[in-house]
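Survey of secondary and tertiary structure
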Amino acid sequence: MTTTETLVAIIVPLAVILILIAAGVWLLTRRRHLRERFGPEYDRAVGSGDGRMSAERELRSREKRHQELDIRPLPEKDRERYAAEWQSTQGRFVDDPGRSVGEADSLVTRLMKDMGYPTEGFEQRLKDLSVEHARTLEHYRDAHGVRLRSADGRATTEELRGAMVHYRALFDELLGSSADSPRREAHDDARRDEGTERSDAV
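First, a word on what this report is: a plain description of the structure on this page.

Calculation rules
- The residue numbers shown here count from 1 along each chain, following its written sequence.
- Only residues with pLDDT of 70 or above have their local features reported here, since the model is predicted, and side-chain atom pairs are shown and tallied only from 80 upward, although totals for entire chains, interfaces and linings are computed over all residues.
- The basis for the side-chain values is all heavy atoms of the structure; hydrogens and waters are excluded.
- Only the stretch in contact is used when fitting a helix axis, every axis being a line fitted to C-alpha atoms; angles between N-to-C directions are given from 0 to 180 degrees.
- Counting from the N terminus, the helices are the DSSP runs of H or I reaching at least four residues and the strands are the DSSP runs of E reaching at least two.
- Just so you know how the angles are binned, under 35 degrees is roughly parallel, over 145 roughly antiparallel, 65 to 115 roughly perpendicular, and the rest oblique.
- Two helices that cross are described as forming a left-handed crossing if the nearer one is turned anticlockwise from the farther one by less than a right angle, and a right-handed crossing if clockwise.
- Contacts were defined at the residue level, with two residues in contact if any of their heavy atoms lie within 4.5 Å.
- Ten residue types, Ala, Val, Leu, Ile, Met, Phe, Trp, Tyr, Cys and Pro, are classed as nonpolar, four, Asp, Glu, Lys and Arg, as charged, and the remainder, Gly among them, as polar.
- We call a set of buried Ala, Val, Leu, Ile, Met, Phe, Trp, Tyr and Cys residues a nonpolar core when their side-chain atoms join them within 4.5 Å.
- For every residue, the accessible area obtained with a 1.4 Å probe (protein chains only) is divided by the maximum for its type, and the residue is called buried under 20%, exposed over 50%, and partly exposed between those limits.
- For a helix, the expected span equals 1.5 Å multiplied by the number of residues minus one.
- Arc, as used here, means the arc of the directions from the helix axis to the C-beta atoms.
- Criterion for a salt bridge: a side-chain nitrogen of Lys or Arg within 4 Å of a carboxyl oxygen of Asp or Glu.

Re the packing of helix H2 (residues 40-48) against helix H3 (residues 52-68)
In a pair of packed helices, the angle between the axes and the distance between the axes together describe the arrangement. Direction vectors running N to C along H2 and H3 enclose 130°, while the axes themselves pass 8 Å from each other. With respect to their mutual orientation, H2 and H3 come out oblique. In this structure, H2 meets H3 at a crossing whose hand is right-handed. Residues Glu41, Tyr42, Ala45 and Val46 of H2 form the contact with H3, whose own contacting residues are Arg52, Ala55, Glu56, Leu59 and Arg62. Grouping the constituent residues of the contact of H2 with H3 by class yields 5 nonpolar, no polar and 4 charged.

Structure follows, in structure tokens:
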């Protein structure tokens, strides 16, 4: 075997190994980015999809779509108006819990729209929110489920009370991010704990 052949025999396998290592590091880095950005939504996507790679493609497509959206902060006067509307909606809960939950759902949807989020379809709203607000999505899912049961007269007052708590968690985070303030973590967003938030919400 000539010197050239010997070098090729050494260099080619080494190059392949280095390429595989680099690819592995790249995949792990990208996966870490998705885990950090989407939090619990990453695990949910992996668990409900056709495997990890398919779920990660879906999450990356959400990121790409989000980059194309014109998400914008609200003027201070609009933020104050929304905060006042929430207080009014919250204040009507005792007299008409079902109506208040419906109004809370509409209020969150209008806030999303004014910030630049498309609002066609609940599932698409979840996907769009997941890029920047993944840690409050479970609040939104739970609240939406109660609202649907309420429309059929199947939600208890306690469930409706919980829905208001969940809607407020997302509402507060959206309003806070609209002011360019740091977002709060999901389980801390609801006034540190759900018990405290429930006292405030109703």
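Back to the write-up after that little detour.
With respect to the nonpolar core
Counting 29 residues, the largest nonpolar core has Leu111, Leu129, Tyr140, Tyr167, Phe171 and Leu174 as its most contacted members. Mapped by element, the contributors of at least two residues to this core are helix H4 (76-91), helix H5 (97-115), helix H6 (122-133), helix H7 (137-151) and helix H8 (157-178). If we skip the residues at most four places from it in the chain, phenylalanine 171 touches Tyr82, Ala83, Trp86, Leu107, Val108 and Leu111.

Quick notes on H3
Across its 17 residues, H3 extends 25 Å between first and last C-alpha, which sits within 8% of the 24 Å expected from 1.5 Å per residue. Turning to H3, its buried residues are Ala55, Glu56, Leu59, Arg62, Glu63 and His66. Looking down the long axis of H3, one finds its buried residues gathered within 110° of arc, a one-sided arrangement. Exposed residues pointing more than 90 degrees away from the buried face of H3 are listed as Lys64 and Glu68.

Topic: the environment of leucine 107
Inspection of the secondary structure puts leucine 107 in helix H5. Residue leucine 107 is classed as buried on the basis of its relative accessible area, which comes to 1%. Residues leucine 107 and glutamate 85, 22 residues apart in the sequence, show an inter-C-alpha distance of 8.0 Å. Dropping the residues within four chain positions of it, leucine 107 is found in contact with Tyr82, Glu85, Trp86, Thr89 and Phe171.

Brief notes about the environment of glutamate 132
The topology assignment puts glutamate 132 in helix H6. On a C-alpha basis, the gap between glutamate 132 and histidine 66 in space is 8.9 Å, while along the polypeptide they are 66 residues apart.

A word on the pattern of salt bridges
Here the idea is simple: oppositely charged side chains can pair when their charged atoms come close. All chains considered together, the criterion is met by 25 salt bridges. Residue arginine 37 is joined to glutamate 63 by a salt bridge in which the shortest nitrogen-to-oxygen separation is 3.1 Å. Taken together, the residues span a long stretch of sequence, with arginine 37 in helix H1 (residues 3-38) and glutamate 63 in helix H3 at a distance of 26 residues. The class of arginine 37 is partly exposed, set by a relative accessible area of 27%. Salt-bridge contacts for aspartate 128 lead to arginine 65; the nearest nitrogen and oxygen are separated by 2.6 Å. A residue pair is termed long-range when its members are at least 10 positions apart, and aspartate 128 in helix H6 and arginine 65 in helix H3 qualify at 63 residues. Exposure remark for arginine 65: the relative accessible area of 28% places this residue in the partly exposed category. The structure contains a network of salt bridges with shared partners spanning Glu41, Arg44, Glu58, Arg62, Lys127, Glu138 and Arg141.

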